[in-house]
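# An overview of the molecular structure
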Amino acid sequence: METSPAFVSVGATVPDFEMETYEPALGDFAKVSLADIRSAGMWTILMFYPADFTFVCPTELADLAEEHAQLEKLGARVIAVSTDTKFAHMMWRNTEGLLKNVRYTLAADTTGAVSRLFGVYDAATGLALRGTFMINPDGKLVSSEVNFYNVGRNAAELVRKMEANVHLIANPTEACPAKWTPGAKTLTPGKDIVGNVAGALAA
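Residues numbered from 1 in each chain as written. Predicted model: local features only at pLDDT ≥ 70, side-chain atom pairs only at ≥ 80, totals over all residues. Heavy atoms only, no water.

### Overview of the overall build of the protein chain
Put simply, the rule reads: A run of H or I in DSSP becomes a helix once it reaches four residues, and a run of E becomes a strand once it reaches two; helices and strands are each numbered from the N terminus. Using C-alpha atoms as the atom set, the radius of gyration is obtained and then compared with a globule rule of 2.2 Å times the number of residues to the power 0.38. Exposure classes here rest on a 1.4 Å probe applied to the protein chains alone. A residue is buried below 20% of its type maximum, exposed above 50%, and partly exposed in between. In what follows, a contact means two residues having at least one pair of non-hydrogen atoms within 4.5 Å. Here the accessible surface of atoms and residues is derived via Shrake-Rupley with a 1.4 Å probe, and residues count as covered only by protein chains that are part of the display.
When you go through the protein chain residue by residue, the secondary structure sums to six helices and nine strands. Its C-alpha radius of gyration of 18 Å places the protein chain within 12% of the 17 Å reference for a compact globule of 203 residues. Taking the principal axes of its C-alpha atoms as reference, the protein chain extends roughly 55 × 35 × 35 Å. Going through the 203 residues of the protein chain one by one, you find that 45% of them count as buried. Contacts in the protein chain between residues far apart in sequence, at least 24 positions, make up 64% of those at least 6 positions apart. On the protein chain, roughly 9,900 Å² of surface is accessible, and the fraction owed to carbon and sulfur atoms is 54%.

### Here we look at helix α2 (residues 56–73)
Structurally, the α-helix is built with 3.6 residues per turn, so residues lying three or four positions apart point the same way. Under the convention used in this document: One less than the number of residues in a helix, times 1.5 Å, gives the span that helix is expected to have. The bend at a residue is defined as the angle formed between two axes, one fitted to the seven residues ending at that residue and one fitted to the seven starting there.
Over its 18 residues, α2 runs 27 Å from end to end, which matches the ideal 26 Å to within 8%, given 1.5 Å per residue. Where α2 bends most, the angle comes to about 50 degrees, and this point is Glu 67. Within the sequence span of α2, burial applies to Cys 57, Pro 58, Glu 60, Leu 61, Ala 62, Leu 64, Ala 65, His 68 and Leu 71. Looking one or two places after α2, you find Gly 75, whose phi comes out positive at around 95 degrees.

### Digging into the pattern of salt bridges
Rule in force here: Every case where a carboxyl oxygen of Asp or Glu lies within 4 Å of a side-chain nitrogen of Lys or Arg is listed as a salt bridge.
Under the counting rule described, the total for this entry stands at eight salt bridges. Note that Glu 60 is salt-bridged to Arg 130, the shortest N-O span being 2.7 Å. Of the two residues, Glu 60 is situated in helix α2 and Arg 130 in strand β8 (residues 130–135); the sequence distance between them amounts to 70 residues. Both residues of the pair, Glu 60 and Arg 130, count as buried. Measuring nitrogen to oxygen at the nearest pair gives 3.0 Å for the salt bridge that ties Glu 157 to Arg 160. In this pair, Glu 157 and Arg 160 are both assigned in helix α5 (residues 155–170), three residues apart and thus about one turn of the helix distant. A relative accessible area of 32% places Glu 157 in the partly exposed class.

The structure is reproduced here in structure tokens:
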């Protein structure tokens, strides 16, 4: 397997990109661009998957559909991406029973350009690995996760990370510990808690 080296790393600003889409909520084709999402002040969640009409992929997209409303409430535009065409997206969405509740954008990265931008393009197959990326409203990449073909993702963890990042953009001096959920204790990094994180969390 040969993958392209990641062009965008966590903490970097993501260059603009555009893709053709199938929009299940509209039952029609459209286009999506990062510039438009940013101009609307929204977060962007990209979920790359290998291909339509496959096996693990519909389980992932169905799981994401269950969390879609919560991600939207947090201010995110959710986009699932593969190297299939928008026509394949339409047919798969409308025939695979697991996808009946999918209403978020299905984007067609037919040239692999966007997959290459995020380092998930597998040149040996022409497919994208299972990559999930979160871009904040300023266009900065704040989260990156890549799995191989045979391991599906958990959308509930994506929601947790989105909740944490939304909290942190509003509270930039804080940090969220492992398993943090809204309302839980955060940390304020500084010399007073070096070697005593346990005490800071218990305070």
